[in-house]
Amino acid sequence: MTADAKITVELVSDAQARLGEGPVWDARDGKLYWVDILSHRVHIHHPQEPAGDGAMELAPYVSSIVPRRSGGFALTLQDGFYVCDSAGGGLTRLAEVEASVPGNRFNDGKCDPAGRYLAGTMSMNDEPGRGALYSLDAGHAVATLVQDVGISNGLAWSGDGATLYYIDTPTQRVVAFDYDTASGAVANRRVVVEVPTDEGSPDGMTIDAEGMLWIAHWGGWQVSRWNPATGEKLLSVPVPASQVTSCAFGGERLDRLYITTARAGLGEAELAEQPHAGGLFCAEVGVRGLPTNPYFG
């Protein structure tokens, strides 16, 4: 794959999401789940039957959803970690987080290879350094991994689970940590990617089977592929929406890159230019992703 590779991005769901985020492929039913944080909604995309796509209303501020190994799903809402028996079932809170930090909410979240649920927070009033990155273990205990976070966003693990990649959006960087899958501890923080400010801000992220990172650019009209070992940008995939929020590999062979976008913050003229902003897009990018890690709790 080269930087000038021609990749076609297809609109697969014109959902008009205010803040589409958190796509995750669920191999149990062959569907892609993703959220609209500001509309308190979980969207469900069925590639084989797109006419059967659906959505479930949840509140407040559902920001991520992951399969649960024992069945159903785990989710982050504004104030903590939850589980439900199905995407539209009743919610049970596993752990409240940041009860003493008014004005914050959870943002992006994913599970590590050992089944912990990592998710981070942010200020809803754009106050800097108010967020953090947390880890929920199978016993529902919460540990704080990173503090003084602006907007906690993309997460990805290397194929062997020994490296955690993490985005705090205002820094314009992806950092890597040595990751202990046995304990969930992080160490040896270092910068591996720096995204130029004229290309938008790094948002959600995933990793492919070759160990390369895929980053969504908020305000940048693209998803990009990077080599974390060198910091080199390898590829840019243009998206017909400016606010590109996240990406995830899906499909039976994990060879389709799903891309979420947003309408939030766009004026009438901008929406006229990008009428499918807030939609779910998909592209075949020539590489495969890694299987989704479920929550073990």
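Details of the structure are given in the entry above.
Bear in mind that the values here come from a model prediction, so they are computed numbers and not experimental data.

Draft legend 1. Representation of the overall build of the protein chain in the model. When helices and strands are counted, the protein chain shows 1 helix and 24 strands. At 17 Å, the protein chain has a C-alpha radius of gyration in line with the 19 Å of a compact globule built from 297 residues. Projected onto its principal axes, the C-alpha coordinates of the protein chain cover approximately 45 × 40 × 40 Å. The burial tally for the protein chain puts 54% of its 297 residues in the buried class. Counting only contacts in the protein chain whose residues sit at least 6 apart along the sequence, the fraction spanning at least 24 positions is 47%.

Draft legend 2. Inspection of the nonpolar core at higher detail. Counting 20 residues, the largest nonpolar core has W214, V223, V237, V239, L257, I259 and V285 as its most contacted members. Put simply, the parts of the chain that give this core at least two residues each are β19 (213–218), β21 (232–238), β22 (244–250), β23 (256–261) and β24 (280–283). For this core, the element with the highest residue contribution is β22, accounting for 3 residues. Setting aside residues no more than four positions away along its own chain, L257 makes contact with T206, W214, V223, C247, A248, F249, F281, C282, A283 and V285. Formed by 16 residues, the second largest nonpolar core is a distinct cluster that contains Y33, I37, I44 and F73.

Draft legend 3. Summary view of the pairing of β22. In terms of residue burial, β22 counts as a mostly covered element, since 7 of its 7 residues are buried. As paired elements, β22 and β23 share 6 bridges and run antiparallel to each other. By the bridge assignment for β23, V244 is matched with T261. Connecting the antiparallel pair β22 and β23 is a turn made up of 5 residues, with G251 showing a positive phi of about 90°.

Draft legend 4. The sheet that holds strand β14 (residues 152–157), seen in detail. Sheet architecture is open: 4 strands sit in the order β14-β15-β16-β17, paired in antiparallel fashion. What marks the edges here is a single partner per strand, and that holds for β14 and β17 (186–194). When the angles between neighbouring strand axes are averaged without regard to direction, this sheet yields 25°.

Draft legend 5. Region of interest: the packing of aromatic side chains. Under the criterion given, the structure shown has 8 aromatic pairs. Between Y117 and Y295 the ring centres are 6.1 Å apart and the planes differ by 45°, which places this aromatic pair in the tilted class. Of this pair, Y117 sits in strand β11 (residues 117–123) while Y295 sits in the segment after β24, placing them 178 residues apart in sequence. Y295 carries the same exposure label as Y117, and that label is buried. A cation over an aromatic ring shows up here: R28 above the ring of F73, its NZ or CZ 5.0 Å from the ring centre.

Draft legend 6. Summary view of the side chain of T245. Along the chain, T245 falls in strand β22. Residue T245 is classed as buried on the basis of its relative accessible area, which comes to 0%. Only 2.7 Å separates the side chain of T245 from the side chain of T260, close enough to count as a polar contact. Ignoring any residue separated from it by four or fewer positions in sequence, one finds T245 in contact with L19, G20, E21, D203, G204, A216, W218, T260, T261 and A262.

Draft legend 7. Spatial organisation of the environment of G131. Note on placement: G131 falls in strand β12 (residues 131–136). Under the relative-accessibility criterion, G131 is labelled buried at 4%. When the C-alpha positions of G131 and A269 are compared, they lie 33 Å apart, and in sequence the two are 138 residues distant. Leave out the neighbours within four places in its chain, and G131 touches N104, T121, M122, Q147, D148 and V149.

Draft legend 8. The arrangement of the sheet that holds β23 in detail. Taken together, the 4 strands give an open sheet; going across it, the order is β1-β24-β23-β22, and neighbouring strands pair in antiparallel fashion. Across the chains shown, the open sheet's two edge strands, defined by having one partner strand only, are β1 (9–13) and β22. Mean inter-strand twist for the sheet, computed between neighbouring axes without regard to direction, equals 30°.

Draft legend 9. Layout of the environment of P228. In this fold, P228 is placed in the loop between β20 (222–227) and β21. P228 sits in the buried class, given a relative accessible area of 12%. The spacing of P228 and V175 is 53 residues in sequence and 9.2 Å in space, taken between C-alpha atoms. Apart from residues no more than four positions distant in its own chain, P228 is found in contact with Y165, V192, G211, M212 and L213.

The rules we used
Residues numbered from 1 in each chain as written. Predicted model: local features only at pLDDT ≥ 70, side-chain atom pairs only at ≥ 80, totals over all residues. Heavy atoms only, no water. Helix = DSSP H or I, 4+ residues; strand = E, 2+ residues; numbered from the N terminus. Rg over C-alpha atoms; globule rule 2.2 N^0.38 Å. Buried < 20%, exposed > 50% of the residue type's maximum accessible area, 1.4 Å probe, protein only. Contact = heavy atoms within 4.5 Å. Core = buried A, V, L, I, M, F, W, Y, C linked by side-chain atoms within 4.5 Å. Pairing = 2+ DSSP bridges. Axes fitted to C-alpha atoms, helices over the stretch in contact; angles between N-to-C directions. Phe/Tyr/Trp six-rings, centres within 6.5 Å; stacked < 30°, edge-to-face > 60°. Lys NZ or Arg CZ within 6 Å of the ring centre and 35° of its normal. Polar contact = N/O pair within 3.5 Å; in protein donor to acceptor, adjacent residues only side chain to side chain.

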